[in-house]
Structure formats: C-alpha cells, structure tokens
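Each chain, written out:
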Amino acid sequence: MALEDIKTRIASAETKAGRAAGSVCLIAVSKVQPNERIEAVLQQGQRCFGENKVQEAAGKWPDFRERFDGIDLHLIGPLQTNKARQAMGLCDSIHSLDRPKLARTLARLAQEIGTCPQLFIQVNTGEEPQKAGILPAEADDFIADCKGMDLPVAGLMCIPPTTEEPALHFALLAKLAARNDLTGLSMGMSADFETAIALGATHVRVGSAIFGERQPTV
Ligand SMILES: *Cc1c(COP(=O)(O)O)cnc(C)c1O
C-alpha cells in the first residue's frame, strides 16, 4: 500500500535523523486526483491533505468533511488575494504566504473573521524568476512584518529548483527559520522527503508517491 509505505519511510527517516517518532506531519497532496483515490486514502485513516487550487479544494473538501471527521486541509499552491477569504474558510493551513499584499489581506480578514489558518511563508530559495516566494535576503523583514500584523506564522515553506540539489535549499530554509524563531518547516515532496526530514522538515508534501501519477491537465 503506497500510503503505508510512505509512512514507514517517514518513520525510519525520523529515527535516522534522531528525531521523535511522529514529529513529521505527512500532507497527502491530492490535487488533480480522482475522488475515488482520495476516498481510498481517507478510508486508510489519512486526515491531512494538501491542495494547490482554492477552486479545486472548494469542489471536493466540504463534501469529504461532512463524511470524515478530523480533516486537516492545507493550501500549498499560490493564493490570489481575491480568493483569500474563501481559502480561509476552507483550509486549516496556508503554505503560500509569499508577498506583502497577501499578508495585508490575510491580516485584515483575520481581524474581521476572528480566526486565521496557520500560515507558512513561502521562500523562493532558488531565486527563480518564475517562482513565487519571498527572496531569502528579504525573508527576515517579511517574517517580522507578518508577525507585526499578528498573523499566525507557523514556519517557512520552499519548493527547490528541479535542477539543483534539494538539500542545499532545505538547509537554507532551516537556517532562515531558526534565526527567526520559527519551528515549522514545510519542505520535501515525493522525490526528496527523506532528505527534507534529515534537515528538519516538520511537514512533507507528498502527492504522486501516495496517489500515483497525476493525470496531465490541459
Ligand atoms: C504538487 C505539489 C507537491 C507534491 O508533489 P509530488 O511530487 O507529487 O509529491 C508538493 N508541493 C507542492 C507545492 C505541490 O504543488
């Protein structure tokens, strides 16, 4: 069973890194997967899931929440400010806080609604022009600004460049988090989650290794 296999691999990576059993949260990334596959993983007891589009999350998770208790939903993809309110109503965590305008919008809505999902600040560790995220050199100031707005910042998130050694990016993210007193580290995907755990990941985002390959979208 793919889910069991991933959980076993996470457990041995925790042990190998000298970390407590259960210290890493597995986010099963269900984007683009057919509902039957998601339901099968829910039936096996998994409750923590990740989606990368608000619209897609809105289409399936309210239903699943009615049928399964304890679902913990994470938005891991880019968030437009005009979808922030909807995302806050749907998700327990948002991993893509990547710019000042979004921080201000979330802060305003959090005041109005009285609650806010747990937030991860996305850092563009590879400084890739096409990729979202705060640049490493601007991370300290942005983190301080977010905390100053009373946003519940749980940690940092990154998606390393596909052409580079991910360990360097995970180590940089861990360093930025440590010097800003943040404990959450959302890093590691199907191909590299064990490396991420060795470098301190608290949340790994694993999609295809659990669900199988995603159908290509048009
Ligand atoms: C799709 C996605 C993942 C999961 O990727 P896999 O390689 O299928 O494990 C993780 N993080 C983000 C931000 C994603 O968009």
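The structure contained in this document is the topic of the report that follows. (Residues numbered from 1 in each chain as written. Predicted model: local features only at pLDDT ≥ 70, side-chain atom pairs only at ≥ 80, totals over all residues. Heavy atoms only, no water.)

Judged by nonpolar contacts, the single largest core of 62 residues is most densely connected at Leu97 and Leu151. Top element by residues in this core is helix α5 (residues 100–113). It accounts for six residues. Those residues in contact with Leu151, other than ones at most four positions away along the chain, are Leu97, Ala103, Leu106, Ala107, Cys116, Leu119 and Cys146. (Core = buried A, V, L, I, M, F, W, Y, C linked by side-chain atoms within 4.5 Å. Buried < 20%, exposed > 50% of the residue type's maximum accessible area, 1.4 Å probe, protein only. Helix = DSSP H or I, 4+ residues; strand = E, 2+ residues; numbered from the N terminus. Contact = heavy atoms within 4.5 Å.)

On to the site of the ligand. As a structural note, the neighbourhood of the ligand is formed by 13 residues, with Lys31, Ser190, Gly207, Ser208 and Arg214 the closest of them. Separating a nitrogen atom of the ligand from a side-chain N or O atom of Arg205 is a distance of 2.9 Å. A total of 390 Å² of accessible area belongs to the ligand in isolation, and the protein chains cover 89% of it. Split into classes, the residues belonging to the shell around the ligand amount to six nonpolar, four polar and three charged. (Near = heavy atom within 4 Å. Polar contact = N/O pair within 3.5 Å; in protein donor to acceptor, adjacent residues only side chain to side chain. Areas by Shrake-Rupley, 256 points an atom, 1.4 Å probe, with all protein chains shown as cover. Nonpolar A, V, L, I, M, F, W, Y, C, P; charged D, E, K, R; others polar.)

Okay, the side chain of Ser190 next. Among the structural elements, Ser190 can be located in the loop between β7 (184–186) and α8 (193–198). A polar side-chain atom of Ser190 sits 3.4 Å from a polar atom in the side chain of Ser208. At 3.0 Å, the side chain of Ser190 and the backbone nitrogen of Ala209 are in polar contact. Beyond its immediate chain neighbours, meaning those up to four positions away, Ser190 contacts Arg205, Val206, Gly207, Ser208 and Ala209.

As enumerated under the stated definition, the model contains three aromatic pairs in all. Seen in terms of ring centroids, Phe49 and Trp61 are 4.7 Å apart; in terms of plane orientation they differ by 40°. Their pairing is tilted. One end of the pair, Phe49, is in strand β2 (residues 48–51); the other, Trp61, is in helix α3 (residues 54–67), with twelve residues separating them in the sequence. There is no split in this pair, since Phe49 and Trp61 are both buried. Measuring from ring centre to ring centre gives 5.0 Å for Trp61 and Phe64, while their planes differ by 55°; the resulting arrangement is tilted. (Phe/Tyr/Trp six-rings, centres within 6.5 Å; stacked < 30°, edge-to-face > 60°.)

Our next topic: the pairing of strand β5 (residues 118–122). The buried fraction of β5 is high, at four of five residues. Relative to β5, strand β4 (residues 93–97) runs parallel, the two sharing three bridges. Bridge pairing in β5 places Ile94 opposite Leu119. By the bridge criterion, four bridges tie β5 to strand β6 (residues 153–157) in an arrangement that is parallel. Residue pairing in the sheet places Gln122 in a bridge with Met157 of β6. (Pairing = 2+ DSSP bridges.)

With the rule as written, the count across this model stands at ten salt bridges. Residue Lys60 pairs with Glu51 through a salt bridge whose shortest N-O separation is 3.0 Å. The pair formed by Lys60 and Glu51 is uniform in burial state, with each residue classed as buried. The residue Arg179 makes a salt bridge to Asp140 at a minimum N-O spacing of 3.1 Å. Separated by 39 residues along the polypeptide, Arg179 in helix α7 (residues 166–179) and Asp140 in helix α6 (residues 136–148) bring together distant segments of the chain. One continuous salt-bridge network, built from bridges that share partners, spans Glu51, Glu56 and Lys60. (Salt bridge = Lys/Arg side-chain N within 4 Å of Asp/Glu carboxyl O.)

Once that is clear, we can look at the state of the cysteines. Chemically, a disulfide is nothing more than a covalent bond linking the sulfur atoms of two cysteines. Applying the stated criterion across every chain, the model contains zero disulfides. The structure places no disulfide on Cys48, whose sulfur is separated from the nearest cysteine sulfur, that of Cys25, by 3.6 Å. (Disulfide = S-S within 2.5 Å.)

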